[in-house]
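Inside the fold
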Amino acid sequence: MADELVLLDFWHSPFAMRVRIALAEKGIEYESKEEDLSNKSSLLLKMNPVYKQIPVLIHKGRPICESLIIVEYIDEVWPHKSPLRLLPSSPYDKANAMFWADYVDKKIYPSGKLVWGATGEVQEAAKKEMIENLKELEGELGDKPYFGGESFGFTDVALIPFYTWFYALETCGDFSIIDKCPKLVAWTKRCMQRESVSKSLPDQYKVYCFLMELKNKFEAK
């Protein structure tokens, strides 16, 4: 293909989903190589020798690692592939979008893992924190269609993959996200109407089954 673009991917990873969404938004063709994270390929180890993790975007033989960095790279390298930019042109708005994307990584991912992966007091504390974090994001969203305003953008790309965890969070944590954060759930539905999102995200129940298998493996050790 023209741009010699390869994505080292994993179907369940919300971080890989970000890259798939960004590429779909731009209409960019690429080759996806599914990784077995229990038996990492020599290509992955070569392209990401520091973290040895997916996603990795390989562009003309050169690797770009870390999902948010990859999304920003895609937006900058192919600025005219879409009617809109994922990151705003305003330095302040760009900084704000990156702040909230970073918030997702630092707050939603770690607390979410404990909601579906832990038990007892640890799980209860994580559930409380998760609800607070989701409400914080809902507050930032406000009445806007998307986090950046009228257009689907960087923060939306960062957060929407975690929608695939919602069933697992609600089932394991015994709470309702729509009851706690109705505007945020409405935002997820809005995002899912985009083909770039709906075709990049796996089914929530399939993700739940995978997470429970993962949890059982750790508990068995």
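Residues numbered from 1 in each chain as written. Predicted model: local features only at pLDDT ≥ 70, side-chain atom pairs only at ≥ 80, totals over all residues. Heavy atoms only, no water.

Just so we agree on the cut-off: UniProt positions are given in the numbering used here, feature names are shortened, and annotations may be inferred rather than shown by experiment.
With an unreviewed UniProt entry as reference, the chain is termed Glutathione S-transferase, source organism Hibiscus sabdariffa. Under the UniProt heading Sequence similarities (unreviewed entry), the entry covering the chain gives this text: "Belongs to the GST superfamily. Tau family." UniProt, in the comment section headed Subcellular location (unreviewed entry), describes the chain in these words: "Cytoplasm, Cytosol".

Considering the nonpolar core
Generally speaking, soluble globular proteins have nonpolar side chains that are buried together. We apply this condition: Throughout this description, the term nonpolar core refers to a set of buried Ala, Val, Leu, Ile, Met, Phe, Trp, Tyr and Cys residues connected via side-chain atoms within 4.5 Å. Here's how the labels work: a residue is buried when its accessible area is under 20% of the maximum for its type, exposed when over 50%, partly exposed in between, all with a 1.4 Å probe on protein chains only. Per the convention used, a helix needs a DSSP run of H or I reaching at least four residues, while a strand needs a run of E reaching at least two, with both numbered from the N terminus. Residues are treated as being in contact if the distance between any of their heavy atoms lies within 4.5 Å.
One finds Ile-74, Leu-169 and Trp-187 to be the most contacted residues of the largest nonpolar core, which totals 71 residues. It is helix H4 (residues 91-117) that contributes the most residues to this core, eight residues altogether. Once residues within four sequence positions are removed from consideration, Leu-169 is found in contact with Gly-112, Val-115, Trp-116, Met-130, Asp-174, Phe-175 and Ile-177.

Notes on helix H5 (residues 120-141)
Condition: Given the number of residues in a helix, its expected span is that number minus one, multiplied by 1.5 Å.
The end-to-end C-alpha distance of H5, which contains 22 residues, comes to 32 Å, matching closely the 32 Å that a straight helix rising 1.5 Å per residue would cover. Of the positions making up H5, those classed as buried are Gln-123, Ala-126, Lys-127, Met-130, Ile-131, Asn-133, Leu-134, Leu-137, Glu-138 and Leu-141. Those residues of H5 hidden inside the fold are in contact with H4, helix H6 (154-159), helix H7 (166-173), helix H8 (177-180) and helix H9 (182-192). Two residues or fewer after H5 comes Gly-142, characterised by a positive phi angle close to 60°.

Here we look at the pattern of salt bridges
Cut-off, in case you're wondering: Between Lys or Arg on one side and Asp or Glu on the other, a salt bridge is scored when a side-chain nitrogen of the former is within 4 Å of a carboxyl oxygen of the latter.
A complete count under the given rule lists eleven salt bridges for this structure. With a shortest N-O distance of 2.9 Å, Asp-75 and Lys-26 are connected by a salt bridge. Residue Asp-75 is located in helix H3 (residues 67-77), and its partner Lys-26 is located in helix H1 (residues 14-26); the two are separated by 49 residues in the primary sequence. For the salt bridge of Lys-183 with Asp-143, the shortest nitrogen-to-oxygen distance reads 2.7 Å. Here the residue Lys-183 occupies a position in helix H9, and Asp-143 occupies one in the loop between H5 and H6, the gap between them amounting to 40 residues. A relative accessible area of 42% places Lys-183 in the partly exposed class. Relative accessible area serves as the criterion here: at 69%, Asp-143 is assigned to the exposed category.

Considerations on the packing of aromatic side chains
In this description, a pair of aromatic rings is defined by centroid distance and the angle of the planes. Stated precisely, the cut-off is as follows: Note on aromatic pairs: the rings of Phe, Tyr and Trp (six-membered ring only in Trp) are paired at centre separations within 6.5 Å, and the planes decide the class, stacked below 30 degrees, edge-to-face beyond 60, tilted for the rest.
All chains considered together, the criterion is met by 18 aromatic pairs. Measuring from ring centre to ring centre gives 5.4 Å for Trp-11 and Phe-210, while their planes differ by 75°; the resulting arrangement is edge-to-face. A residue pair is termed long-range when its members are at least 10 positions apart, and Trp-11 in the loop between strand E1 (5-9) and H1 and Phe-210 in helix H11 (residues 204-220) qualify at 199 residues. Look at Trp-11 and you get partly exposed, because its relative accessible area is 22%. Ring centres 5.8 Å apart and planes at 85° place the aromatic pair Tyr-146 and Phe-152 in the edge-to-face group.

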